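# Observations on the model geometry
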Amino acid sequence: MRVACIVTALLMAASAAAETNRASPALAAWEAELAQSQSELARELIASGDAPSLRLAQILAPFDTSALRIEVEAALDALPITDAEGAWRAFHRCRAPAVDCDNAAALAALAELDADNAWTQMQLARAALREVQADAALQALRQAAEASPSAQFARDARLVEEASHLLPIPPLQASVAEEMGTGLGVTRAMTTDEFRLVWAMGALAGYAVPTYKTLTDLCRPDARQPFAPDWQAACLRLAVHMGRGDSSPIGGLIGFDLAQQLADDPAEAARWGEALRQERFAQHQLLRSQDLIAARPGESVRFVSEIFSLGERAAISALFDRLGLPSEAPPGWSADEAEPRG
């Protein structure tokens, strides 16, 4: 999943509740009205035919409207590749099974249209490795450490946020709002703003996104062996770059863990080990904050809004400040000790 925040579980608990509790007729009717309104809006956007409208239609089309989703997917596939979003779509499409496409052209489009993206450069490095082009692979790896770790998240978040503002939410009757609030695990009615953000978080989490397996595959020992020590140095720099700069907590967890493994100097390895400990503490605190978030009216809305505007890690830091939670691990704290024991 894209979003690793506990508020996702908090706000999307309604989905789990739906597995065990049948929706009331009133809620089922409300959901049907929402789906119908979404479908109508998606069709209007598809009719516009331009890339921004089609991307919004793709997000807004209800998941159970397969014909509508096939229509918008086909329209997007037919568009010329003119921007980073289109280049990534073509790249992911080439990786799907039984799809006839030009993978080299998709990579070239990424290099041209989204060069200042660390994930683009990592894909170029991986492709060069496959072609046994050592110099090109090393150059791309070094460029990845200079490029943005969060450009893609920012683009996707802006698009999903725009779609969420267009979402045609029907009026929430009191009984429906109460039922939805119960599904969220809170003792009050859900607000329209909260539902809009629940929907947006679901849409954002559903995106096809780069995985950190790309980084770990590039920088595991057997991958860097032919290029050591330059390859190891480039991997270490990239791991630190992702650990520090990715807007997602996953970046810190995986980046600093990898940096700790790659550092030959014991003092440097200890430095990145401490950075990893702090990232794990932040995740521990976030898990502990669930009840505090639920108890503060409007806090979940504010937190998720800041995830979209600031990125996850900055939003988490601001949340801790508001809740009065320490964000720095005390001496001696370890993630192993924080794990619950059965």
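Just above, that's the structure.
Calculation criteria
Residues numbered from 1 in each chain as written. Predicted model: local features only at pLDDT ≥ 70, side-chain atom pairs only at ≥ 80, totals over all residues. Heavy atoms only, no water. Helix = DSSP H or I, 4+ residues; strand = E, 2+ residues; numbered from the N terminus. Buried < 20%, exposed > 50% of the residue type's maximum accessible area, 1.4 Å probe, protein only. Contact = heavy atoms within 4.5 Å. Areas by Shrake-Rupley, 256 points an atom, 1.4 Å probe, with all protein chains shown as cover. Core = buried A, V, L, I, M, F, W, Y, C linked by side-chain atoms within 4.5 Å. Polar contact = N/O pair within 3.5 Å; in protein donor to acceptor, adjacent residues only side chain to side chain. Expected span 1.5 Å × (residues − 1). Disulfide = S-S within 2.5 Å. Salt bridge = Lys/Arg side-chain N within 4 Å of Asp/Glu carboxyl O. 1 Å grid on protein atoms, 1.4 Å probe; cavity = no way out; pocket = protein on both sides within 12 Å on 5 of 7 lines; lining within 4 Å. Points joined across faces, edges and corners; volume = space filled by probe spheres on them.

## Examining the overall build of the chain
Tallying secondary structure elements over the chain gives 21 helices and zero strands in all. In the chain, which comprises 342 residues, the proportion classed as buried is 48%. Considering only contacts in the chain between residues 6 or more positions apart, those separated by 24 or more positions represent 68%. Accessible surface for the chain amounts to roughly 16800 Å². Of this, 54% is attributable to carbon and sulfur atoms.

## Focus on the nonpolar core
The biggest cluster of nonpolar side chains holds 48 residues, and the ones touching the most others in it are Trp 30, Phe 195, Trp 199, Phe 303 and Phe 308. Counting 43 residues, the second-largest nonpolar core is a separate cluster that includes Ala 106, Leu 138, Leu 215 and Phe 256.

## Things to note about the side chain of Arg 313
Its location among the elements puts Arg 313 in helix α20 (residues 312-323). A distance of 2.7 Å separates a polar atom in the side chain of Arg 313 from the backbone oxygen of Gly 243.

## A short note on helix α3 (residues 25-48)
For an α-helix the count is 3.6 residues per turn, leaving residues at separations of three or four pointing the same way. An ideal rise of 1.5 Å per residue puts 34 Å on 24 residues; α3 measures up with 35 Å between its terminal C-alpha atoms. Looking at α3, one finds that the buried residues are Leu 27, Trp 30, Leu 34, Gln 38, Ser 39, Leu 41, Ala 42, Leu 45 and Ile 46.

## Brief notes about the state of the cysteines
Across all of its chains, the model carries two disulfides by this definition. Note that Cys 94 is cross-linked by a disulfide to Cys 101, the S-S spacing being 2.1 Å. At a sulfur-sulfur separation of 2.1 Å, the disulfide partner of Cys 219 is Cys 235. Because the sign of the S-S torsion sets the handedness, a value of about -90 degrees for the bond joining Cys 219 and Cys 235 places this disulfide among the left-handed ones. You can see Cys 219 sitting in helix α13 (residues 213-219) and its partner Cys 235 sitting in helix α15 (residues 230-245), a full 16 residues away along the chain. Across the pair, Cys 235 and Cys 219 agree in class, each one buried. When the cysteines of the chain that form disulfides are numbered from the N-terminus onward, they connect as 1-2, 3-4.

## Considerations on the pattern of salt bridges
The final tally for this structure, using the stated rule, is 14 salt bridges. Across the pair Asp 77 and Arg 93 runs a salt bridge whose closest N-O atoms are separated by 3.4 Å. Placement of Asp 77 in helix α5 (residues 66-77) and of Arg 93 in helix α6 (residues 84-95) is noted, with a sequence separation of 16 residues between them. Between Arg 155 and Asp 114 there is a salt bridge, with the nearest N and O atoms lying 2.9 Å from each other. Residue Arg 155 is found in helix α10 (residues 151-166), and its partner Asp 114 is found in the loop between α7 (103-113) and α8 (118-130); the two are separated by 41 residues along the sequence. With respect to class, Arg 155 is no different from Asp 114; both count as buried. Sharing partners across several salt bridges, the network here consists of Arg 296, Glu 299, Arg 302, Glu 306 and Arg 322.

## Thoughts on the environment of Glu 112
Turning to its location among the elements, Glu 112 is positioned in helix α7. Remark: the alpha-carbon pair of Glu 112 and Asp 83, spanning 29 residues in sequence, is separated by 9.1 Å.

## A closer look at the layout of surface pockets
A volume near 300 Å³ is recorded for the second largest pocket. In terms of lining residues, the second largest pocket is bounded by 18 residues, among which Asp 77, Leu 79, Ile 81, Gly 86 and Ala 90 are the most central. Elements with a contribution of two residues or more to the lining of the second largest pocket: α4 (51-60), α5, α6 and α7. Sorting elements by how many residues they give to the lining of the second largest pocket places α6 first, with five residues.

Nothing here speaks to function; it is geometry throughout.
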